[in-house]
Amino acid sequence: MILVIDIGNTNIVLGIYRNRELLHHFRLSTSRQSTVDEYGVLIHNLFTMSGIRIHDIENVIMSSVVPPMVHVVEDMCIKYIGKQPMIVGPGIKTGLNLKYENPREVGADRIVNAVAAVEIYHGPLVVVDFGTATTFDCIDSKCNYLGGAIVPGIGIATEALYKRASKLPRIELEKPKKVIGRNTVHAMQAGIIFGYAGQVDGIVGRIKEEMQAPSLKVVATGGLADLIASEAKSIDEVNPLLTLEGLRIIYERNC
Ligand SMILES: Nc1ncnc2c1ncn2[C@@H]1O[C@H](COP(=O)(O)OP(=O)(O)OP(=O)(O)O)[C@@H](O)[C@H]1O
Ligand SMILES: CC(C)(CO)[C@@H](O)C(=O)NCCC(=O)O
Ligand SMILES: [K+]
């Protein structure tokens, strides 16, 4: 079995694969204060609760977009799992040609998503990941990773509203019945959800023009993908496990 770990700015997502089958997945918060031992306890408990034996883990692969967390999770793997994780970064084969001006600058999560999407759906395609930031990644039919767009995530955007405007409350992200909100909560829900869906359609529309690929596939992932996909006309498919699948595929290409 292999353990795959994606460290994002909000969550650390872990998956246990036996060959190509995802047996378990877990979500922890990304806490920059937590220690190697604290993450060790969490992993130990999760494994125990799920009937996974540490010795069954043959290898670990991880990607991170939070540099200070790399050492914590890496050391946790060494100390509690007895494995040095493979880390997605320079020197790792992905099967993509990175066309970013500086390939080292691209977030590892974006590359991992792109690898999974190309393998599962084939290019040309766009991956939209609704995480802390919402990212758009464009891949052509020849496995060129072209780049994309980064916008404030839904969580960040929602938080900014209530933090910066005294009379705006914290809201549940639910789809309102109408776009014309007649109270503050409905007005905010309408603005965020329909506005966000419109943003996705707008950016995808421009990408299709720029790539001259009017029928490219658009795959969404991330916690809020379903909510937005139900409103955004441009999203063809939702795959919540894209990042974990990408890590598994990259592991297989490098072992
Ligand atoms: N139901 C919700 N209501 C409000 N905000 C939410 C909700 N679900 C998620 N969020 C916020 O949306 C953002 C993305 O959450 P999600 O769980 O999708 O992140 P993630 O994919 O783990 O992100 P990352 O990989 O960047 O850590 C976070 O800032 C989170 O707080
Ligand atoms: C955009 C985020 C924060 C999304 O997780 C991450 O991919 C990241 O930190 N990327 C680095 C910048 C870039 O991808 O160009
Ligand atoms: K993510």
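Parameters and conventions
Residues numbered from 1 in each chain as written. Chains lettered and ligands numbered in written order. Predicted model: local features only at pLDDT ≥ 70, side-chain atom pairs only at ≥ 80, totals over all residues. Heavy atoms only, no water. UniProt positions renumbered as here; feature names shortened; annotations may be inferred. 1 Å grid on protein atoms, 1.4 Å probe; cavity = no way out; pocket = protein on both sides within 12 Å on 5 of 7 lines; lining within 4 Å. Helix = DSSP H or I, 4+ residues; strand = E, 2+ residues; numbered from the N terminus. Contact = heavy atoms within 4.5 Å. Polar contact = N/O pair within 3.5 Å; in protein donor to acceptor, adjacent residues only side chain to side chain. Near = heavy atom within 4 Å. Areas by Shrake-Rupley, 256 points an atom, 1.4 Å probe, with all protein chains shown as cover. Sits in = over half its atoms within 2 Å of the grid points. Nonpolar A, V, L, I, M, F, W, Y, C, P; charged D, E, K, R; others polar. Domains from an automatic or database assignment.

Engineer: I tried to follow the UniProt feature "binding site: ATP" (unreviewed entry) in the chain on my own but got confused; where do I start?
Structural biologist: Residues annotated in UniProt with the feature "binding site: ATP" (unreviewed entry) correspond here to Asp6, Ile7, Gly8, Asn9, Thr10, Asn11, Ile12, Val13 and Thr132. The greatest C-alpha distance among the residues just named is 13.2 Å, despite their covering 127 residues of sequence, which places them together in space. The annotated residues that sit in the lining of the largest cavity are Ile12. Structurally, the position occupied by Asp6 is in strand β1 (residues 2–7). Setting aside chain neighbours within four positions, we find Asp6 in contact with Asn11, Ile12, Val13, Ser63, Asp109, Thr243 and Leu247.

Engineer: Whenever I open this one, the side chain of Ser34 confuses me. Can you help?
Structural biologist: Along the chain, the position of Ser34 falls in the loop between β3 (21–29) and α1 (36–50). At 2.7 Å, the side chain of Ser34 forms a polar contact with the side chain of Ser31.

Engineer: Explain the site of ligand 1 to me, please; I cannot follow it from the model alone.
Structural biologist: For ligand 1, the set of nearby residues contains 13 residues, the closest of which are Thr10, Asn11, Arg27, Thr132 and Gly223. Note that an oxygen atom of ligand 1 is positioned 3.3 Å from one of the backbone N or O atoms of Asn9. Take Asn11: an N or O atom from its main chain is 2.8 Å from an oxygen atom of ligand 1. When the free accessible area of ligand 1 is taken as 630 Å², the share hidden by the protein chains comes to 72%. When atom positions are compared with the pocket grids, ligand 1 is found to occupy the largest pocket. For the shell around ligand 1, the per-class residue count stands at three nonpolar, nine polar and one charged. When residues are assigned to domains, the shell around ligand 1 turns out to be shared by domain 1 (2–87) and domain 2 (97–247), each giving three or more.

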